[in-house]
Amino acid sequence: MAMESKKFKIAIVGRPNVGKSHLFNRIVGGRRSIVEDVPGVTRDRLYAEAEFFGRTALLIDTGGICNDNEGVFSRSIRIQAQMAIDESDAIVFVIDGLIGMTVYDEEVLNLLRKTHKNVILAINKMDLEKQMGDFSEYYALGLDNIFPVSSVHGDGVADLLEYLSGIIPEDEEEEVAFPPKVAIIGRPNVGKSTILNKLLGKERSLISDIAGTTLDALDSQINGVCFIDTAGIKRKQKEAESIEKFARIRTENAIKRADICLLVLDADAGFTSQDKKIFSDVVENKKGCIFYINKWDKIEKTQKEHLLRRMKEILPEAKHLPCLIGSALKDKDLKGIFEMIDRVYENYQRRITTGQLNSFMEKVMHENPPPVIGTRRLRIYYLTQVSSMPPHFVMFVNYPELMPNSYKRYLVNRFKEAYDFYGIPITFYMKAKSKKKAGAR
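Everything numeric here is computed off the predicted structure, so don't read it as measured data. (Residues numbered from 1 in each chain as written. Predicted model: local features only at pLDDT ≥ 70, side-chain atom pairs only at ≥ 80, totals over all residues. Heavy atoms only, no water.)

Considering the sheet that holds strand E3 (residues 55–61)
Read across the sheet, 6 strands follow the order E2-E3-E1-E4-E5-E6 without closing on themselves; strand pairing throughout is mixed. Pairing within the sheet leaves two strands with one partner each, and these edge strands are strand E2 (46–52) and strand E6 (146–148). Strand-to-strand twist across the sheet, computed as the mean angle between neighbouring axes with direction ignored, equals 25°. Both strand E1 (residues 9–13) and strand E4 (residues 90–96) contribute to a ladder of 4 bridges, which runs parallel. (Pairing = 2+ DSSP bridges. Helix = DSSP H or I, 4+ residues; strand = E, 2+ residues; numbered from the N terminus. Axes fitted to C-alpha atoms, helices over the stretch in contact; angles between N-to-C directions.)

And the structure:
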């Protein structure tokens, strides 16, 4: 069951390419939504918390509402916009002030009137002073609240925000726990949005057989988990269009702000070099990781064991990571994702006392003493955890350069046996006790 936010929701709607995403970004601050002069670029609903003169609300950006015969995504975009309208408390209806009201704008407005919600008209692209003062004709639409704005330059936006602050109830604030953030990542068209939609139980993200349907990173809370859906990552040499480059940036940012990454693989394609590259981004950012091998229902001959063995040959680190195999389309093994997330997130937050760590070190050093290099012996004074999320450990020694790789592996392997950090990257730094020499692993 999805956890719906109790915050006041404001949806930004309108036909394609009138500047909705520019206005969304202007209000939220920063390039949160992809903006490009191509109709239909924003295909999914985007959510972001925004402040309106001291009040906060949830702002929803939507794809442009258009006729079904205007493009392959038109029907799905219309569904997404309708869902945003249904769940919103107020609606900002955006039109292009340079073009004026069109037949399509009137159709959208008729749709909005039926909701009986507070509809605010934002006449966008009103950049010149003369244009800012010439909008009296729009009062004939019967709307009480009309604001000429320029989403690009910011003109008139403050007046719109001041009005919005006045309709946000004062008692909407709530204490919100920080749920684990899980980024759903992978190559294009491996089933990331299908997984999210099945978990949600409704059409939250667009699904299409066209690779790269999802462009933005989208957040949805389900059973106490914040899922971030992302665009598929393509090889850089194939990113000919700026939209694909934006999508890659969004995915990279999603990895950075996630606690755990759900790396979705295509069972039919197997574990590819691009999957390995994506995984390296997860490791570099020190995030927890869970593999989900999707589309298993399409495989007839290949055995699960063979696929997992091949995967571990290419990626030895995989043996320490959770792995689910199933079919998102058929809901197979999706419920197991939450159990895995709970376990990995618990490890992500774990702290081990210095006393426990030193008892561990005494035991493993007694079983296998540190080596003697020439006339000098490596001395390990103590091990301590300096942070969690992710777990971070510092080992104080006399001379870091005396630590051979073989002994490092021994200590790390014994540590993983002693403490369950399943699915989590653990980092050990070595530091000279004198603080004059230091090395890191």
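Observations regarding unusual backbone geometry
The bulk of non-glycine residues show a negative phi, and the bulk of peptide bonds are trans. In this structure, proline 390 follows methionine 389 across a cis peptide bond, with omega equal to 0°. Tracing the sequence through the fold places proline 390 in the loop between strand E15 (380–387) and strand E16 (392–397). We note that lysine 125 has phi near 70°; this positive angle belongs to a residue other than glycine. Position of lysine 125 relative to the elements: it lies in the loop between strand E5 (118–124) and helix H4 (129–133). Since its relative accessible area comes to 23%, lysine 125 is described here as partly exposed. (Buried < 20%, exposed > 50% of the residue type's maximum accessible area, 1.4 Å probe, protein only.)

Considering the packing of aromatic side chains
Scanning the model with the defined rule gives 12 aromatic pairs in all. Ring centres of phenylalanine 227 and phenylalanine 338 lie 5.9 Å apart, and the angle between their planes is 85°; this geometry places the pair in the edge-to-face category. Of this pair, phenylalanine 227 sits in strand E9 (residues 225–229) while phenylalanine 338 sits in helix H10 (residues 336–349), placing them 111 residues apart in sequence. The same class applies to phenylalanine 227 as to phenylalanine 338, namely buried. An aromatic cluster is built from Phe360, Phe393, Phe415, Tyr419 and Phe421, whose rings are joined through pairwise contacts. Over the aromatic face of phenylalanine 421 sits the side chain of arginine 350, whose NZ or CZ is 4.8 Å from the ring centroid. (Phe/Tyr/Trp six-rings, centres within 6.5 Å; stacked < 30°, edge-to-face > 60°. Lys NZ or Arg CZ within 6 Å of the ring centre and 35° of its normal.)

Focus on the pattern of salt bridges
Following the criterion strictly, the structure yields 8 salt bridges and no others. Among the ionic pairs, arginine 414 bridges to glutamate 417, the shortest N-O distance being 3.4 Å. Linking arginine 414 with glutamate 417, this pair stays in helix H12 (residues 405–418), spanning 3 residues, or about one helical turn. Residue class for arginine 414 comes out buried when judged on its relative accessible area of 19%. Here glutamate 417 falls in the exposed class, since its relative accessible area comes to 61%. What emerges from the salt-bridge pattern is a single network uniting Glu367, Arg414 and Glu417. (Salt bridge = Lys/Arg side-chain N within 4 Å of Asp/Glu carboxyl O.)

Overview of H12
The end-to-end C-alpha distance of H12 is 20 Å, a good match for the 20 Å that 14 residues give at a rise of 1.5 Å each. Here H12 has its buried residues at Tyr407, Lys408, Tyr410, Leu411, Val412, Arg414 and Phe415. Taken together, the buried residues of H12 touch helix H11 (354–367), E15, E16 and strand E17 (427–432). (Expected span 1.5 Å × (residues − 1). Contact = heavy atoms within 4.5 Å.)

Here's the deal with the packing of H11 against H12
The geometry of H11 relative to H12 is characterised by a closest axis approach of 11 Å and an angle of 125° between their N-to-C directions. Classified by the interaxial angle, the pair formed by H11 and H12 is oblique. Of the two possible hands of crossing, H11 and H12 adopt the one that is right-handed. Across from Leu357, Phe360, Met361, Lys363, Val364, Met365 and Glu367 in H11, the residues of H12 making contact are Tyr407, Tyr410, Leu411, Arg414, Phe415 and Ala418. Here the contact of H11 with H12 is composed, by residue class, of 10 nonpolar, no polar and 3 charged. (Parallel < 35°, antiparallel > 145°, perpendicular 65-115°, else oblique. Left-handed = near helix turned anticlockwise from the far one by under 90°. Nonpolar A, V, L, I, M, F, W, Y, C, P; charged D, E, K, R; others polar.)

Things to note about the state of the cysteines
Applying the stated criterion across every chain yields a total of 0 disulfides. You can see cysteine 261 has no disulfide; the closest cysteine sulfur is in cysteine 289, sitting 6.5 Å from it. Free of any disulfide, cysteine 323 has its nearest neighbouring cysteine sulfur in cysteine 289, separated by 9.4 Å. For cysteine 323, a relative accessible area of 26% gives the class partly exposed. (Disulfide = S-S within 2.5 Å.)

Some words on the side chain of asparagine 347
Within the fold, asparagine 347 resides in helix H10. At 3.1 Å, the side chain of asparagine 347 and the backbone oxygen of tyrosine 422 are in polar contact. (Polar contact = N/O pair within 3.5 Å; in protein donor to acceptor, adjacent residues only side chain to side chain.)

Observations concerning the side chain of asparagine 398
Locating asparagine 398 in the fold gives a position in the loop between E16 and H12. Within the structure, asparagine 398 has its side chain in polar contact with the backbone oxygen of arginine 377 (distance 3.0 Å). A polar side-chain atom of asparagine 398 sits 2.9 Å from the main-chain amide nitrogen of arginine 379. Setting aside its immediate chain neighbours within four residues, asparagine 398 contacts Arg377, Leu378, Arg379, Tyr381 and Ala432.

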